[in-house]
Amino acid sequence: MKCLKTSTKTILGSAVALALLYGGAVQAQTVKVLSIVDHPALDAIRDGVRDELKSAGYDADKNLKWEYQSAQGNTGTAAQIARKFVGDQPNVIVAIATPSAQAVVAATKSVPVVYSGVTDPVAAQLVKSWSASGTNVTGVSDKLPLDRQVALIKRVVPKAKTVGMVYNPGEANSVVVVKELKAMLAKEGLTLKEAAAPRTVDIGAAAKSLVGKVDVIYTNTDNNVVSAYEALVKVANESKIPLVAADTDSVKRGAIAALGINYGDLGHQTGKVVVRILKGEKPGAIASETSDKLELFVNTGAAEKQGVTLPPELVKEAKTVIK
């Protein structure tokens, strides 16, 4: 009995000593990140989250257990990864893009979920409104003001009457954009011609189906389209159809212009929400957020290939000009 008491005292003493020694350190936390696919915008969100966590004292080399997985564009794979993540009971799951977020939210009602890069979280049924959800879900949307997108289309192609759009009808965010864009264009005297591309391999064929029928093609942040954007650019260049995008990284890859969000900044914004939860706030008490920091990118080389002369004032306004 005496030995047991001594042993217990020793253990307790060691525990107290360790607590005093590491009392100022950030407690170790587990964050798991699921993205529907790898492409520059979504990768920038992931990296922004990680960098924001590090700046807040959560370092993967010290006190943060960080795991990232991509579903490689497969919703079934996303569901499997989501269930695995939930079973691991992390402190937070970050779900990047709508299909990932839907998979994670379907898999848990208790593990904190922070979505990012979701255009319309209400339409995607992640939350009931933009207010604090009262559930285990919150996040940061990349929803863009469509009126400014239409204004950009008209500045790039002033005489446009028909706007084409290649999109994945299985992505809730893209379905919402199609509906809203169609209504907005109608008010401006323009029409929308849609081309469905449910898989990345369908993008080239969908783009070709618009040749001769549209004056310009607009692409939103549809994950299928963005992940295989070169297929769309090839058709646009060959057919002299101007491309206007919502994703600024797409301009680097061949779109003429985009007024979009800096996805690295969106990742940092998402990371701040994750930090709040790691420090004890409930996700259900944090309202969903958006970003109002839009950046204009233009590609004068792409404009030339697609038969467009950009207004000098538009080029001057751009934060980034690619030649």
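Shown above is the structure to which this text applies.
Residues numbered from 1 in each chain as written. Predicted model: local features only at pLDDT ≥ 70, side-chain atom pairs only at ≥ 80, totals over all residues. Heavy atoms only, no water.

A word on the overall build of the chain
Next, step 1: For the chain, the helix and strand inventory stands at 13 helices and 12 strands.
Next, step 2: Referenced to the eigenvectors of the C-alpha coordinate spread, the extents of the chain come out at roughly 90 × 35 × 35 Å.
Next, step 3: Taken over 323 residues, the chain has a buried fraction of 53%.
Next, step 4: Sequence separation of 24 or more characterises 70% of the internal contacts of the chain that already satisfy a separation of 6 or more. (Helix = DSSP H or I, 4+ residues; strand = E, 2+ residues; numbered from the N terminus. Buried < 20%, exposed > 50% of the residue type's maximum accessible area, 1.4 Å probe, protein only. Contact = heavy atoms within 4.5 Å.)

Examining helix H2 (residues 40-55)
Next, step 1: For H2, built from 16 residues, the straight-helix expectation of 22 Å at 1.5 Å per residue is met to within 8% by its first-to-last C-alpha distance of 22 Å.
Next, step 2: Along H2, the residues that are buried comprise Ala41, Leu42, Ile45, Arg46, Gly48, Val49, Glu52 and Leu53. For H2, the angular spread of the buried residues around the axis is 160°, confining them to a single face. Of the exposed residues in H2, those oriented more than 90 degrees away from the buried face are Lys54 and Ser55.
Next, step 3: Residue Gly57 follows H2 closely and has a positive phi angle near 100°. (Expected span 1.5 Å × (residues − 1). Arc of directions from axis to C-beta.)

Comments concerning the nonpolar core
Next, step 1: Ranked by size, the top nonpolar core spans 82 residues in total, and within it Val31, Leu53, Val156 and Tyr218 carry the most contacts.
Next, step 2: Broken down by element, this core gets its largest block of residues, 7 residues, from helix H11 (residues 263-278).
Next, step 3: Setting aside residues up to four positions removed in sequence, Leu53 forms contacts with Val31, Tyr58, Leu64, Trp66, Gly271, Val274, Val275 and Leu278.
Next, step 4: Counting 24 residues, the second largest nonpolar core, distinct from the first, contains Val233, Ile241, Leu243 and Ala245. (Core = buried A, V, L, I, M, F, W, Y, C linked by side-chain atoms within 4.5 Å.)

Some thoughts on the pattern of salt bridges
Next, step 1: Enumeration according to the criterion identifies 18 salt bridges in this entry.
Next, step 2: A salt bridge links Glu67 to Lys32; the nearest nitrogen and oxygen atoms lie 2.5 Å apart. Taken together, the residues Glu67 in strand S2 (residues 64-70) and Lys32 in strand S1 (residues 29-35) connect sequence positions 35 residues apart.
Next, step 3: Under the relative-accessibility criterion, Glu67 is labelled partly exposed at 26%.
Next, step 4: In this structure, Glu289 and Arg276 form a salt bridge, with 4.0 Å as the shortest nitrogen-oxygen distance. (Salt bridge = Lys/Arg side-chain N within 4 Å of Asp/Glu carboxyl O.)

Quick look at the sheet that holds strand S6 (residues 162-167)
Next, step 1: With mixed pairing, the 7 strands of this open sheet are ordered in space as S7-S6-S8-S9-S10-S11-S12. Only two strands of the sheet have a single partner each, and these edge strands are strand S7 (191-196) and strand S12 (320-322). Neighbour-to-neighbour, the strand axes of this sheet turn through a mean angle of 25°, independent of strand direction.
Next, step 2: Both strand S11 (residues 294-299) and S12 contribute to a ladder of 3 bridges, which runs parallel. The residue of S12 that forms the bridge with Asn299 is Ile322.
Next, step 3: Contacts from helix H6 (residues 172-187) reach S6, S7 and strand S8 (216-219) within the one sheet, and its direction differs from that of S6 by about 175°. (Pairing = 2+ DSSP bridges. Axes fitted to C-alpha atoms, helices over the stretch in contact; angles between N-to-C directions.)

So, the side chain of Asp59
Next, step 1: Counting through the fold element by element, Asp59 comes out in the loop between H2 and S2.
Next, step 2: Buried charge Asp59 goes without a salt bridge, the closest partner of opposite sign being Lys54 at 4.4 Å.
Next, step 3: A polar atom in the side chain of Asp59 sits 2.9 Å from the backbone nitrogen of Asp61.
Next, step 4: Excluding residues within four positions of it along the chain, Asp59 makes contact with Lys54 and Leu64. (Lys, Arg positive; Asp, Glu negative; His and termini not counted. Polar contact = N/O pair within 3.5 Å; in protein donor to acceptor, adjacent residues only side chain to side chain.)

A look at the packing of helix H3 (residues 75-87) against helix H4 (residues 98-107)
Next, step 1: Relative orientation of the contacting elements H3 and H4 amounts to 45°, with a least axis distance of 8 Å. Compared by their axis directions, H3 and H4 come out oblique. The chirality of how H3 crosses H4 is right-handed. Contacts between H3 and H4 involve Thr75, Ala78, Ala79, Ala82, Arg83 and Val86 on the former and, on the latter, Pro99, Ala103, Val104 and Ala107.
Next, step 2: When its residues are assigned to classes, the contact of H3 with H4 shows 8 nonpolar, 1 polar and 1 charged. (Parallel < 35°, antiparallel > 145°, perpendicular 65-115°, else oblique. Left-handed = near helix turned anticlockwise from the far one by under 90°. Nonpolar A, V, L, I, M, F, W, Y, C, P; charged D, E, K, R; others polar.)

Here we look at the packing of H2 against H11
Next, step 1: The N-to-C vectors of H2 and H11 enclose an angle of 45°; their axes lie 7 Å apart at closest approach. Relative to H11, the element H2 is oriented oblique. When the axes of H2 and H11 are compared, the crossing they make is right-handed. Judged by residue contacts, Ala41, Ala44, Ile45, Gly48, Val49, Asp51, Glu52 and Leu53 of H2 engage Tyr263, Gly264, Leu266, Gly267, His268, Thr270, Gly271, Lys272, Val274, Val275 and Leu278 from H11.
Next, step 2: For the contact of H2 with H11, the class distribution of residues is 10 nonpolar, 6 polar and 3 charged.

Focus on the environment of Phe297
Next, step 1: For Phe297, the location among the structural elements is in strand S11.
Next, step 2: The spacing of Phe297 and Ala245 is 52 residues in sequence and 9.6 Å in space, taken between C-alpha atoms.
Next, step 3: Those residues in contact with Phe297 that sit more than four places away from it in its chain are Thr248, Val251, Lys252, Ile256, Ala257, Ala258 and Thr320.

Here we look at the sheet that holds S2
Next, step 1: Overall, parallel pairing links the 5 strands, which are arranged S2-S1-S3-S4-S5 in an open sheet. With one partner strand each, in any of the chains shown, S2 and strand S5 (137-141) form the two edges of the open sheet. Taken pair by pair, the neighbouring strands of this sheet meet at an average axis angle of 15°, ignoring direction.
Next, step 2: Here S1 runs beside strand S3 (residues 92-96); their pairing, made up of 5 bridges, is parallel. Within S3, the position partnered with Val33 by the bridge is Val94.
Next, step 3: On the sheet, H3 packs against S1, S2 and S3 and is oriented at approximately 175° with respect to S1.
Next, step 4: Each of S1, S3, strand S4 (113-118) and S5 touches H4; the most contacted strand, S4, lies at about 160° to it.

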